[in-house]
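# A structural walkthrough
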Amino acid sequence: MTKLRLAIVGAGPAGIYAADILLKAERRFDVSIDLFEQLPAPYGLVRYGVAPDHPRIKGIITALREVLDRGDIRIFGNVRFGEDITLDDLKQHYHAVIFATGAVRDTDLRIPGIDAEGSYGAADFVSWFDGHPDVPRTWPLEAESVAVIGNGNVALDVSRMLAKHAEDLLPTEIPDNVYEGLKASPVTDVHVFGRRGPAQVKFTPLELRELGELRDVDMVVYDEDFEYDEASKAAIASNKQVMVIDRVLQAWRKRPSVNNAGGEASRRLHLHFWAKPVEVKTDQNGRVSAFVYERTRPDGEGGVVGTGEMREVAVQAIYRAVGYFGSPLPGVPFDKRHGVIPNHEGQVLRKDSNERVPGVYATGWIKRGPVGLIGHTKSDAMETVRHIINDQGSWWQPTDPSEEAIPALLASRGVAWTDLDGWHRLDEHEVALGAPQGRARVKVVSRDEMIAVSRGE
Ligand SMILES: Cc1cc2nc3c(=O)[nH]c(=O)nc-3n(C[C@H](O)[C@H](O)[C@H](O)COP(=O)(O)OP(=O)(O)OC[C@H]3O[C@@H](n4cnc5c(N)ncnc54)[C@H](O)[C@@H]3O)c2cc1C
Ligand SMILES: NC(=O)c1ccc[n+]([C@@H]2O[C@H](COP(=O)([O-])OP(=O)(O)OC[C@H]3O[C@@H](n4cnc5c(N)ncnc54)[C@H](OP(=O)(O)O)[C@@H]3O)[C@@H](O)[C@H]2O)c1
């Protein structure tokens, strides 16, 4: 029977689903899979992106864990592709590789002042509140008024985490440093800015509705934003999701906090629409002091045009939540414009041509860009895996496909890799840390500590 030795780089949902689908589907080959992950813990953005107060979604980890626990996939955690292992190494030991490295950083927003002190990318803040080992332990939460730019679900996650009282996050898995940071936050007003209108938002109804349920937080919406054009009316009439969003917003218009009047909560979450980012203003110390935006109006086709009217809101911090962006991998083609690996249905293509790169595949966010839910990575993986199976004739011819070769290589390079047993040890340790406080788990944040616990050191 032909043997397929496959490397997968990235143990987020895309990588794990690809392994699962290949192992379940393929009966013609004897398949063995090694999963390389730069972090000492698997699950990608499910562990380090999904908000801690969304335990139902975090629960997807249970299904991903079942895949890993079946015992037919080896994990090499704390191994970074491009540093600890290279494409040439993989060619010597595998028949093919799937890159499932996702997107970990913020896309740029090119407006004056965006690099000022007090201006942050949502991805960095998300990494902080989700206990990612590679970001600083403290976060400067000193602002009373904050601007969040963007109308996607990440913008809502960030706004909710900023506005929510820290005590209401205690039942979640947030690390202690995050609880302490949020508890000390003096925030009173979070302003969310969308460049288009309520009928063109990217966030989803459930996530919007959740904002209205936050304890001691008033939702503030502005009547002037609801003068709908024909395109907006048509979107509301024809799309159930947009219809529900409109219904939620219309209900908030009737609350006492509408137009900033009469609410009683100690914190407010303002939703501003038709607001295109123009500039971040700073004080004499170079710190964020205001957000300037241009009022827009609909162009009749779902887009907007500027009205020329500039407005300014005094804020001391700004978070841009305008999308994530993929990172290049050494030796692998990269589309700089879209932040993805160029590919046709997961088969990687050479830069600037449609020529295939044999043996190299992509799946998940690095394949199709940073949009879509966890479930979408499953259909992605199916498509990519189908090609791997059909491409047997163009697989690499490894010189040493033995399973012992990789541990020996990593050991020779002094890489302290973690494996599945190590992940179980870390998992149990985190659950035990949470138990005395009645919490599901408390995350270990330090990379060194994660590695030490995993390796039983
Ligand atoms: C803030 C946020 C919240 C979200 N919340 C939800 C939600 O509630 N529900 C939902 O359905 N979807 C949610 N999503 C979307 C969901 O997270 C993505 O659809 C999904 O995680 C994409 O999977 P992926 O495996 O392609 O990428 P990722 O999850 O990013 O996984 C990629 C993995 O590759 C690893 N990696 C990267 N580079 C290297 C390298 N050089 N070497 C080795 N390993 C590497 C990374 O460490 C990571 O573990 C959210 C996204 C974000 C950003
Ligand atoms: N709870 C959940 O289910 C959950 C939570 C988080 C993330 N996710 C998913 O993860 C994916 C990524 O989410 P995301 O919020 O990062 O991306 P997104 O859904 O693409 O939203 C990006 C937002 O940024 C805006 N934007 C982009 N460029 C801008 C600019 N130059 N100026 C002003 N605004 C700009 C976009 O406006 P335009 O529409 O006008 O371009 C849009 O409102 C999505 O599929 C999301 O649903 C899901």
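Residue numbers restart at each chain and count upward from 1, following the sequence in its written direction. For naming, the first written chain is A and the first written ligand is 1, with later ones following in the order written. Only residues with pLDDT of 70 or above have their local features reported here, since the model is predicted, and side-chain atom pairs are shown and tallied only from 80 upward, although totals for entire chains, interfaces and linings are computed over all residues. Side-chain measures were taken over the full set of non-hydrogen atoms in the model, leaving aside hydrogen atoms and water.

On to the overall build of the protein chain. Secondary structure elements follow DSSP: runs of H or I no shorter than four residues count as helices, runs of E no shorter than two count as strands, and numbering proceeds from the N terminus. Of the regular secondary structure elements, the protein chain holds 16 helices and 18 strands. Dimensions of the protein chain, computed from C-alpha atoms along their principal axes, come out at roughly 70 × 55 × 45 Å. Each residue is placed in one exposure class: buried if its accessible area under a 1.4 Å probe, protein chains only, is under 20% of its type's maximum, exposed if it is over 50%, and partly exposed if it falls in between. Within the protein chain, the proportion of its 457 residues that are buried is 56%. Restricting to contacts in the protein chain with at least 6 residues of sequence separation, those with at least 24 account for 75%. Reported accessibility uses the Shrake-Rupley method at a 1.4 Å probe radius. Residues are deemed covered only where the shown protein chains occlude them. Summing over all exposed atoms, the protein chain offers an accessible surface of approximately 19700 Å²; the carbon and sulfur share of this is 50%. Across the protein chain, the 55 positively charged side chains and the 67 negatively charged ones have centroids separated by 3 Å. Two residues qualify as a contact provided that any one of their heavy atoms is within 4.5 Å of a heavy atom in the partner residue. Counting rule applied: Lys, Arg positive; Asp, Glu negative; His and chain ends not counted. Throughout, a charge is located at the NZ atom of Lys, the CZ atom of Arg, the CG atom of Asp or the CD atom of Glu.

Sheet architecture is open: 6 strands sit in the order 6-14-7-8-10-9, paired in parallel fashion. Edge positions in the open sheet fall to strand 6 (119-121) and strand 9 (217-221), since each of these has one partner strand only. Taking the axes of each pair of neighbouring strands and ignoring which way they run, one obtains an average angle of 20° across the sheet. Of the pairings in the sheet, the one linking strand 8 (residues 189-193) to strand 10 (residues 267-272) comprises 5 bridges and is parallel in character. Bridging across to strand 10, histidine 191 finds its partner in histidine 270. Working convention: axes come from line fits to C-alpha atoms, limited for helices to the stretch in contact. Angles between N-to-C directions cover 0 to 180 degrees. Across the sheet, helix 7 (residues 153-163) lies against strand 7 (145-149), strand 8, strand 9, strand 10 and strand 14 (317-320), angled at about 165° from strand 7, the strand it touches most. A pair of strands is treated as paired once DSSP finds two or more bridges between them.

Neighbouring ligand 1 are 30 residues; Glu37, Leu45, Phe81, Trp365 and Gly372 lie closest to it. Side-chain atoms alone can form a polar contact between residues adjacent in sequence; in general such a contact is a pair of N or O atoms within 3.5 Å, and within protein one must be able to donate a hydrogen while the other accepts it. Backbone polar atom of leucine 45 to an oxygen atom of ligand 1: 2.8 Å apart, as the coordinates give it. Take phenylalanine 81: an N or O atom from its main chain is 2.9 Å from a nitrogen atom of ligand 1. Of all the elements in the fold, those that place two or more residues in the shell around ligand 1 are helix 1 (13-25), helix 2 (44-48) and helix 7. Residues are grouped as follows: Ala, Val, Leu, Ile, Met, Phe, Trp, Tyr, Cys and Pro are nonpolar; Asp, Glu, Lys and Arg are charged; all remaining types, including Gly, are polar. Residue composition of the shell around ligand 1, grouped by class: 17 nonpolar, 10 polar and 3 charged. Both domains that furnish three or more residues to the shell around ligand 1 are identified here as domain 1 (2-104 + 326-417) and domain 2 (106-324). Throughout this document, a residue counts as near a molecule or strand when at least one of its heavy atoms sits within 4 Å of that molecule or strand. For each domain, the first and last residues come from an automatic or database assignment.

This part covers the pattern of salt bridges. Here, a salt bridge means any side-chain nitrogen of Lys or Arg that lies within 4 Å of a carboxyl oxygen of Asp or Glu. Across all of its chains, the model carries 41 salt bridges by this definition. With its nearest N and O atoms 2.9 Å apart, the salt bridge here joins glutamate 117 to arginine 287. Placement of glutamate 117 in the loop between strand 5 (105-106) and strand 6 and of arginine 287 in the loop between strand 11 (275-282) and strand 12 (288-298) is noted, with a sequence separation of 170 residues between them. Given the relative accessible area of 22%, arginine 287 is considered partly exposed. The shortest N-O distance in the salt bridge between glutamate 312 and lysine 281 comes to 2.9 Å. Of this pair, glutamate 312 sits in strand 13 (residues 304-314) while lysine 281 sits in strand 11, placing them 31 residues apart in sequence. Several salt bridges share partner residues, and in doing so they unite Arg47, Lys58, Arg65, Asp69, Asp130, Glu173, Asp427, Glu430, Arg441 and Lys443 into one network.

Take the buried Ala, Val, Leu, Ile, Met, Phe, Trp, Tyr and Cys residues and link them wherever side-chain atoms come within 4.5 Å; each set so joined is a nonpolar core. Core analysis: the largest hydrophobic core is formed by 57 residues, its most contacted members being Phe125, Leu208, Leu269, Leu271 and Tyr319. The residues touching leucine 269, leaving out its near neighbours within four places in the chain, are Ser159, Ala163, Val190, Val192, Leu211, Leu214, Val217, Asp218, Met219 and Val220.

Our next topic: the domain arrangement of the protein chain. When the domains of the protein chain are assigned, the result is domain 1 (2-104 + 326-417) and domain 2 (106-324). Centre-to-centre, using C-alpha coordinates, domain 1 lies 34 Å away from domain 2. Between domain 1 and domain 2, the residue contacts involve 16 residues of the former and 21 residues of the latter. Taken together, the two surfaces of domain 1 and domain 2 that pack against each other cover about 1400 Å², and 58% of this comes from carbon and sulfur. Buried area: the accessible surface (1.4 Å probe) lost by two parts on joining, summed over both. When the buried surface of domain 1 facing domain 2 is broken down by residue, Tyr48, Pro52 and Asp53 rank first, second and third, together holding 43% of it. At the junction of domain 1 and domain 2, the tally comes to 4 salt bridges. There are 6 residue pairs in polar contact (both at pLDDT 80 or more) connecting domain 1 and domain 2. Contributions of two or more residues to the side of domain 1 that touches domain 2 are made by helix 2 and helix 3 (55-58).

Turning next to the packing of aromatic side chains. Each aromatic pair joins two rings of Phe, Tyr and Trp (for Trp, the six-membered one) with centres within 6.5 Å, and gets the label stacked for planes under 30 degrees apart, edge-to-face for over 60, and tilted for any other angle. The full count for this structure, using the stated rule, is 19 aromatic pairs. When the ring of phenylalanine 125 is compared with that of tryptophan 139, the centres are 5.4 Å apart and the planes differ by 50°; the resulting orientation is tilted. A residue pair is termed long-range when its members are at least 10 positions apart, and phenylalanine 125 in helix 6 (residues 122-129) and tryptophan 139 in the loop between helix 6 and strand 7 qualify at 14 residues. Take phenylalanine 125 and tryptophan 139: they sit in the same class, and that class is buried. Ring centres of phenylalanine 226 and tyrosine 228 lie 6.2 Å apart, and the angle between their planes is 75°; on these two criteria the pair is classed as edge-to-face. Assessed through its relative accessible area of 8%, phenylalanine 226 is described here as buried. With a relative accessible area of 16%, tyrosine 228 lands in the buried category.

Turning to the site of ligand 2, a few remarks are in order. In the region of ligand 2, 20 residues are neighbours, and Asn151, Arg195, Arg196, Lys202 and Gly372 sit closest. Contacts to ligand 2 include arginine 195, whose side-chain N or O atom sits 2.8 Å from an oxygen atom. The backbone of glycine 372 places a nitrogen or oxygen atom 2.7 Å from an oxygen atom of ligand 2. In isolation ligand 2 exposes 920 Å². Once the protein is present, 80% of that is buried. The greatest single-element share of the shell around ligand 2, amounting to 3 residues, is contributed by helix 7. For the shell around ligand 2, the per-class residue count stands at 9 nonpolar, 6 polar and 5 charged.

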